[in-house]
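# Fold and geometry: a report
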Amino acid sequence: MCFMDMEKEKVFDKIASLRKVIEWWLRKKGEPEIMVRAVMSPSEGAKTRVRVGFLLSKEFPVKVGVTQGSVLSQLLFAIVVDVLIVRVQE
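Since this is a predicted model, take the numbers as computed values, not measurements.

Below, the discussion takes up the packing of aromatic side chains. Per the stated rule, a full pass over the model turns up one aromatic pair. The interplanar angle of 45° and the centroid separation of 5.1 Å between the aromatic rings of Trp-24 and Trp-25 together place this pair among those described as tilted.

Running from amino to carboxyl end, helix H2 (residues 18-28) crosses helix H4 (residues 73-89) at an angle of 80°, the nearest separation of the two axes being 10 Å. Considering the angle they form, H2 stands roughly perpendicular to H4. Of the residues in H4, those in contact with Leu-18, Val-21, Ile-22, Trp-24, Trp-25 and Leu-26 of H2 are Leu-76, Ile-79, Val-80, Asp-82, Val-83, Val-86 and Arg-87. Tallied by class, the residues present in the contact of H2 with H4 amount to eleven nonpolar, no polar and two charged.

The next point concerns the nonpolar core. Judged by nonpolar contacts, Leu-18, Ile-22, Trp-25, Leu-26, Val-36, Val-39, Met-40, Leu-76, Ile-79, Val-80 and Val-83 together constitute the single largest core of eleven residues. Contributing elements (two or more residues each) for this core: H2, helix H3 (33-40) and H4. Dropping the residues within four chain positions of it, Trp-25 is found in contact with Ile-79, Asp-82, Val-83 and Val-86.

Definitions and cut-offs
Residues numbered from 1 in each chain as written. Predicted model: local features only at pLDDT ≥ 70, side-chain atom pairs only at ≥ 80, totals over all residues. Heavy atoms only, no water. Phe/Tyr/Trp six-rings, centres within 6.5 Å; stacked < 30°, edge-to-face > 60°. Axes fitted to C-alpha atoms, helices over the stretch in contact; angles between N-to-C directions. Helix = DSSP H or I, 4+ residues; strand = E, 2+ residues; numbered from the N terminus. Parallel < 35°, antiparallel > 145°, perpendicular 65-115°, else oblique. Contact = heavy atoms within 4.5 Å. Nonpolar A, V, L, I, M, F, W, Y, C, P; charged D, E, K, R; others polar. Core = buried A, V, L, I, M, F, W, Y, C linked by side-chain atoms within 4.5 Å. Buried < 20%, exposed > 50% of the residue type's maximum accessible area, 1.4 Å probe, protein only.

Such coordinate-based values are descriptive only and should not be taken to indicate function.
So, in structure tokens, the structure goes:
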């Protein structure tokens, strides 16, 4: 028996190599390269800042997770769950 915390935000934050997993799984499932690049491109070179009160930090690269609020977030969540289910079954 296996239990998973299904809150997508927690899944996305805790898997350091999430982007690589998603890219690998799309290719393994036979998605065309143009689709893989379209799904992966929004997170490539992503940068962010932190606001505390009225102060903004300098930009820094986002190295883990996926872009919050992305229209692709539901697809990416489904991909991660699919990978986990297949791995548990193996």
